Amino acid sequence: MSESNSATESKNSGIKKIDDQGILKGVEGLTPEKIESVIQQVITNETGARLKVYVDTCVHCGLCSKGCHYYLSLNDPKFSPAGKVKQTLAEIMQKKGKVSPEFIKQAAVIAYTQCNLCKRCAMYCPFGLDVAYVMSVMRRICHKLGVVPLYIQDTAHSHSVTMNQMWVKDDEWVDTLMWQEEEAQEAFENLRIPLDIEGADLFYSVIGPEPKFRAQLIFQAAVIMNAVGENWTMPSMPGWDNSDMCMFTGDYEMMERLKRCHFESALNLRAKRIVMGECGHAFRSVYDVGNRALGWRMPPIEIIHAIDYFNELFEQNRIKIKKKFDTPVTLHDPCNVSRGRGLHDKARNLVNATCSNFIEMVPNREHNYCCSAGGGVINCGPPFKNARVESGKEKARQLLEAKEKGAKVVIAPCHNCHGGLEDIIHHYNVGMELKFFGDIIYEILDLP
Amino acid sequence: MINCDSWDWDKGKKEVGKFSDWREKFSYIEDISFSPDGEKIAAIVKNEDMEFTVSTQSEGAEPETWETGYDKVWNLRFGPDGRLSAFVSDTGEWKVSTDDNTWENGYDFIWNMRFNKSGVIAVSAQKELSYCAIINDVPWENEFSKLTDMVISPDGQSSTAVIESIPVLEGEIFKFRGGCYSVAVNGDAWDRNFMNVWKPSFSDDSSHVAASVRTSYNDYYIAVDGKTWDTPFSSVWEPCFDPNSQSVIAPVKRGGKWFLAKDGAIFWDRPYFQLWHQIYSPDGKRIAAIVAPEFGRWTLAIDNTPWQITFSDYLTDPIFSHDGRLACIFKDRGRWGVAVDGKAWDSIVDMAWIPVFSNDGDNIAVKVKKDGFYHIALNGKILDTKYEYIENPIFSPDGSTILIRGCQGGSYNRDVISIKGGFSYA
Ligand code: SF4
Ligand code: SF4
């Protein structure tokens, strides 16, 4: 999969030259009839009245524009939330599904790579219209047509084969845990990453990239769990990955399979609750989208994000630190756990419990800007990297402002945010360091 | 099924082992568990040479440690036949060791230990990035580039798994869509490939295999011995075989709702918000499944009629008694309980495990957790005795007594109690 940054912008569209085989080859076999039939099927069977109300209610007032970091960064109405609807489902509905393969090609780029499904714009619309939902419907249509960016499609395929997003095979998973356990035992004798313990208080789940690229996060979590004397476990078989790119490609059948696997993995072990690592989209998939698709109003087992868990450790005085982290920090609120779950105050409690110098970035909490990587956009890979980083200009401005006030470290309790912010920091020469809460806690932990 | 006729069913408690003995002897002890008959306890420990190994203890004896020590040991389990097995590794080579006897063949990694009812062991294995299954130290003749979902047949003679039949590299999304996965039975792949395959399972007579497959993002089927049902569905869950015929039933999704299908046709015509974990009664005449008759409400349906009682959070472990009673575990508003034949027990607990019926179906015992301690619940009431740890209870063959294997105050005890009463309740 070669990286190409040769995109050039055409005059009339916000879309640069498409250089993605998943989309280009995906549309090759499409006929107008097939497109129309899939569209009708999705709109009639799956969207109900909600989509029509959304599209019909919009009065094109443009108030949502300043809610969207794409618009703010690129200053082009095509990137405004309403503009994206206009170029996709509004036209589809107006034409009653009679659109061309070329249209689907453009619509796929917009839906998959020009909207982070961050839901910020919904707070600015007088009617609360949720453009993220409309973009998700567009993605669902594209998925059913087989027109999906190659990288994220491959990730969804990995999910379908391995139940994790990184093609981590069953043996590689356990091997990685053993390797992390061994490393940790060099520093802390008899430390364990306990596998498959029935009746544990806490089932710890992570996302696919952790064993693949960021295994030190599992190491750090193990050290923290051991330091606080947690009765915890991880599963040796699939179900350990809480992430979900199928939710973002529009493959909801696969999303259901993944979420069931994750919940049953924890419930078969009769864990009291699931604590998940620092990931935002995964939280959305287990706490909102995936559980409901399976028939649960709420998750069948208590499931909390690492922010919540770490905060609880400090509130209950279960954790001892040597001293607070004293490099000035700022905090990036991940959309899915702040706007989506309201964890922003707990995140601030945690920053204050762990760091001595906290500088807010503005706007913040539920008004924070997305890192531009969310909603599966970063997972669409190198062909869309430059465009993604350009749409992060507003985020860069926000970071630089916090830096000017003295912040040197950005805490981002989400994997995708890390990926997105890393690129933004590099591209705009922001010069700040990125950390997870787990990194900070591990660093200041007072170990026996 | 555990054959427990020959076990000691005399009423009374004996101490099998003491944690303090282990503490004295070992610097490192993992979780201690009981043998099925409760006569032995075992755990992974470190020996004097600081190697990982296994120790066991029986009544009146000192902990007895395996002679061989290893770099690593994991997945220590008693099989249903009472033999004790684990994955062990020396210098990076993994084997199965059963009662301190290791298999001949070594692999780069082994995992997913599966027992049939009489204790035959199958595992998944990887060597030089090739994958296969092994039964009793005999590997498949064919190897594959990927292997998941391995299971052993009821007769212990066969194993099956999902395999990558056409090697596909990361990023080859169009090749993937063409179908690169299949099922292998004893190493022989079905002659048809699919986009995905999940959860193959054997028929009761071990001669057929069924699995869930998809041939495109929109077409899900059940495949039996490599041949798909005629009709695609928008999704399916894992199938199971009718014990009296070669028919296959599976949950299928159509028009956004779930149904039960048999041999490709809708069999339970009532739409559910969810339907899974279907099981046959032991005589094969009735079917029960976990269903959500309305959004966010869970119950069991028996022959397509849901129980009236529903639960908000979760339902699991449906199980028939030999005479056709039906029980399950539920979670409602955060608390767990047991439901039998459509009625919930009054006792609500913090956690409950699979219900255990006596052979005659008259009595039910359940391992539960309440206020930080484990208890046995019997026929709706929680017995007062507290444990720091217990295994699932087992009824004697005549149903008059229960074997409780639990730890109290650091003592691992085997206790046989009469079900006739004289209990105090929690
Ligand atoms: S959901 Fe986020 S990225 Fe998408 S249009 Fe709204 S503000 Fe923009
Ligand atoms: S703010 Fe709401 S009504 Fe106004 S243009 Fe945006 S989506 Fe339409």
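**Some words on the overall build of chain A**
At step 1: A tally of helices and strands in chain A yields 20 helices and seven strands.
At step 2: Computed over its C-alpha atoms, the radius of gyration of chain A comes to 22 Å, within 12% of the 22 Å expected for a compact globule of 448 residues.
At step 3: Considering only C-alpha atoms, chain A reaches an extent of 65 × 50 × 40 Å along its principal axes.
At step 4: Looking at chain A as a whole, 66% of its 448 residues are labelled buried.
At step 5: For chain A, the share of sequence-separated contacts (at least 6 apart) that also reach a separation of at least 24 residues comes to 81%.
At step 6: Between the mean site of the 52 positive side-chain charges and the mean site of the 55 negative ones, chain A shows a separation of 7 Å.

**A word on the packing of helix H14 (residues 306-315) of chain A against helix H20 (residues 437-444) of chain A**
Residue and element names in this part refer to chain A.
At step 1: Packing of H14 against H20 brings their axes to within 11 Å, and their N-to-C directions diverge by 30°. Classified by the angle between their axes, H14 and H20 sit roughly parallel to one another. The interaxial crossing formed by H14 with H20 has left-handed handedness. Contacts from Ile 307, Phe 310 and Phe 314 of H14 reach H20 at Phe 437, Gly 438 and Ile 441.
At step 2: Looking at the contact of H14 with H20 residue by residue, the class counts come to five nonpolar, one polar and no charged.

**Details of the pattern of salt bridges**
Close approach of charged atoms allows side chains of opposite charge to pair.
Residue and element names in this part refer to chain A.
At step 1: For the structure on display, the rule yields 47 salt bridges over all chains.
At step 2: The residue Asp 326 makes a salt bridge to Lys 323 at a minimum N-O spacing of 3.1 Å.
At step 3: Since its relative accessible area comes to 47%, Asp 326 is described here as partly exposed.
At step 4: Residue class for Lys 323 comes out exposed when judged on its relative accessible area of 52%.

**Let's talk about the site of ligand 2**
At step 1: In the neighbourhood of ligand 2, the contacting residues comprise Cys58(A), Val59(A), His60(A), Cys61(A), Gly62(A), Leu63(A), Cys64(A), Ala82(A), Cys125(A), Pro126(A), Phe127(A) and Leu129(A).
At step 2: Of the residues belonging to the shell around ligand 2, the class tally is 10 nonpolar, two polar and no charged.

**Focus: the packing of aromatic side chains**
At step 1: By the definition in use, this model includes 32 aromatic pairs over all chains.
At step 2: On the basis of an interplanar angle of 5° and a centroid distance of 6.4 Å, the ring pair of Tyr70(A) and Phe79(A) is categorised as stacked.
At step 3: Taking the centre distance of 6.3 Å and the plane angle of 70° together, the rings of Tyr204(A) and Trp232(A) count as edge-to-face. Linking Tyr204(A) in strand S1 (residues 202-205) with Trp232(A) in strand S2 (residues 232-233), this pair joins segments that are 28 residues apart in sequence. Judged on exposure class, the residue Tyr204(A) and its partner Trp232(A) are both buried.
At step 4: Feature note: the residues Phe263(A), Trp296(A), Trp237(B), Trp258(B), Trp276(B), Trp298(B), Tyr314(B) and Trp336(B) constitute an aromatic cluster, connected by ring pairs.
At step 5: Its end group placed over the ring of Tyr107(B), Lys127(B) keeps NZ or CZ at 5.7 Å from the ring centre.
At step 6: Sitting over the ring of Phe273(B), Lys257(B) keeps its end group 4.7 Å from the ring centre.

**A short note on the pairing of strand S14 (residues 147-152) of chain B**
In regular strands, side chains alternate between the two faces of the sheet.
Residues and elements named next belong to chain B.
At step 1: Burial of S14 is extensive: five of the six residues sit out of reach of the surface.
At step 2: With four bridges connecting them, S14 and strand S15 (residues 159-164) associate as antiparallel partners. Looking at the pairing, Ile 152 lines up with Ser 159 of S15.
At step 3: Taken together, S14 and the strand that follows it, S15, pair antiparallel across an intervening segment of six residues, in which Gly 156 is found at a positive phi of about 75°.

**Some thoughts on empty space enclosed by the protein**
Residues and elements named next belong to chain A.
At step 1: Applying the stated criterion across every chain yields a total of nine cavities of 30 Å³ or more.
At step 2: Lining the largest cavity are 13 residues; nearest its centre among them are Tyr 204, Leu 217, Glu 278, Phe 310 and Gly 438.
At step 3: Counting only elements with at least two residues in the lining of the largest cavity, the list comes to helix H10 (215-227) and H14.
At step 4: Broken down by element, the lining of the largest cavity gets its largest block of residues, four residues, from H10.
At step 5: The class makeup of the residues in the lining of the largest cavity is seven nonpolar, four polar and two charged.

**A closer look at the pairing of strand S6 (residues 72-78) of chain B**
All names here are of chain B.
At step 1: Of all seven residues in S6, five are buried, a share of seventy percent or more.
At step 2: Judged from the five bridges that link them, S6 and strand S7 (residues 84-90) form a sheet pairing that is antiparallel. Each bridged residue has a counterpart across the sheet, and for Trp 74 the counterpart in S7 is Phe 87.

**So, the side chain of Ser136(A)**
All names here are of chain A.
At step 1: Assignment of secondary structure puts Ser 136 in helix H6 (residues 131-145).
At step 2: The class of Ser 136 is buried, set by a relative accessible area of 17%.
At step 3: Among residues more than four places away in sequence, those in contact with Ser 136 are Leu 117 and Tyr 252.

**Considering the confidence of the model for chain A**
At step 1: Residues at a pLDDT of 70 or more form 96% of chain A, whose mean pLDDT is 94.
At step 2: Ignoring residues within four places in sequence, the model shows residues 1-12 of chain A, a span with pLDDT below 50, making 22 contacts including any to other chains.

**Digging into the site of ligand 1**
Residues and elements named next belong to chain A.
At step 1: In the region of ligand 1, the neighbouring residues are Gly 67, Cys 68, His 69, Tyr 70, Pro 81, Lys 84, Cys 115, Asn 116, Leu 117, Cys 118, Lys 119 and Cys 121.
At step 2: Those elements giving two or more residues to the shell around ligand 1 turn out to be helix H3 (69-74) and helix H4 (81-94).
At step 3: Among the residues making up the shell around ligand 1, the classes are represented as seven nonpolar, three polar and two charged.

**Quick look at the sheet that holds S15(B)**
At step 1: Taken together, four strands build an open sheet; the order of strands is S14-S15-S16-S17 (chain B) and the sheet is antiparallel. Each of the sheet's edge strands pairs with one partner strand only, and the pair in question is S14 and strand S17 (188-189) of chain B.

**Some points on the sheet that holds strand S20 (residues 219-224) of chain B**
At step 1: Strand order in the open sheet formed by four strands is S18-S19-S20-S21 (chain B), and the pairing between neighbours is antiparallel. Each edge of the open sheet carries a strand with a single partner, namely strand S18 (196-202) and strand S21 (227-228) of chain B.
At step 2: Examined bridge by bridge, S20(B) and S21(B) share two bridges and lie antiparallel to one another. Among the inter-strand pairings, Ala223(B) is bridged to a residue of S21(B), identified as Thr228(B).
At step 3: Here helix H12 (residues 252-268) of chain A sits on the sheet and contacts S18, strand S19 (209-216) and S20 of chain B; the angle it forms with S20(B), its principal contact strand, is near 55°.

**Overview of the interface of chain A and chain B**
At step 1: Contacts between chain A and chain B engage 54 residues on the former and 61 residues on the latter.
At step 2: Buried surface at the junction of chain A and chain B, both sides included, amounts to about 5,200 Å², of which 53% is carbon and sulfur.
At step 3: The largest share of the area that chain A buries against chain B comes from Arg257(A), Arg260(A) and Arg270(A), three residues that together contribute 15% of it.
At step 4: Counting across the interface, chain A meets chain B through seven salt bridges.
At step 5: The tally of links from chain A across to chain B stands at 29 residue pairs in polar contact (both at pLDDT 80 or more).
At step 6: Among the elements of the structure, helix H1 (21-28), H6, helix H7 (150-162), helix H8 (170-187) and H12 of chain A are those that each provide at least two residues to the side of chain A that touches chain B.
At step 7: Sort the elements by how many residues they give to the side of chain A that touches chain B and H12(A) lands first, with seven residues.
At step 8: Partitioned by chemical class, the residues of the side of chain A that touches chain B number 17 nonpolar, 12 polar and 25 charged.

**Overview of the domain arrangement of chain A**
How big an interface is tends to be stated in terms of accessible area lost as the parts join.
Residue and element names in this part refer to chain A.
At step 1: Examined at the domain level, chain A breaks down into domain 1 (3-148), domain 2 (160-315) and domain 3 (329-444).
At step 2: Using C-alpha coordinates to define each centre, domain 2 is positioned 22 Å away from domain 3.
At step 3: On the side of domain 3, 26 residues touch domain 2, which itself brings 25 residues to the contact.
At step 4: Between domain 2 and domain 3, a total of about 2,500 Å² is buried, with carbon and sulfur atoms accounting for 64% of that surface.

The rules behind each value
Residues numbered from 1 in each chain as written. Chains lettered and ligands numbered in written order. Predicted model: local features only at pLDDT ≥ 70, side-chain atom pairs only at ≥ 80, totals over all residues. Heavy atoms only, no water. Helix = DSSP H or I, 4+ residues; strand = E, 2+ residues; numbered from the N terminus. Rg over C-alpha atoms; globule rule 2.2 N^0.38 Å. Buried < 20%, exposed > 50% of the residue type's maximum accessible area, 1.4 Å probe, protein only. Contact = heavy atoms within 4.5 Å. Lys, Arg positive; Asp, Glu negative; His and termini not counted. Charge placed at Lys NZ, Arg CZ, Asp CG, Glu CD. Axes fitted to C-alpha atoms, helices over the stretch in contact; angles between N-to-C directions. Parallel < 35°, antiparallel > 145°, perpendicular 65-115°, else oblique. Left-handed = near helix turned anticlockwise from the far one by under 90°. Nonpolar A, V, L, I, M, F, W, Y, C, P; charged D, E, K, R; others polar. Salt bridge = Lys/Arg side-chain N within 4 Å of Asp/Glu carboxyl O. Near = heavy atom within 4 Å. Phe/Tyr/Trp six-rings, centres within 6.5 Å; stacked < 30°, edge-to-face > 60°. Lys NZ or Arg CZ within 6 Å of the ring centre and 35° of its normal. Pairing = 2+ DSSP bridges. 1 Å grid on protein atoms, 1.4 Å probe; cavity = no way out; pocket = protein on both sides within 12 Å on 5 of 7 lines; lining within 4 Å. Points joined across faces, edges and corners; volume = space filled by probe spheres on them. pLDDT = per-residue confidence, 0-100. Buried area = accessible area lost by both parts, 1.4 Å probe. Polar contact = N/O pair within 3.5 Å; in protein donor to acceptor, adjacent residues only side chain to side chain. Domains from an automatic or database assignment.

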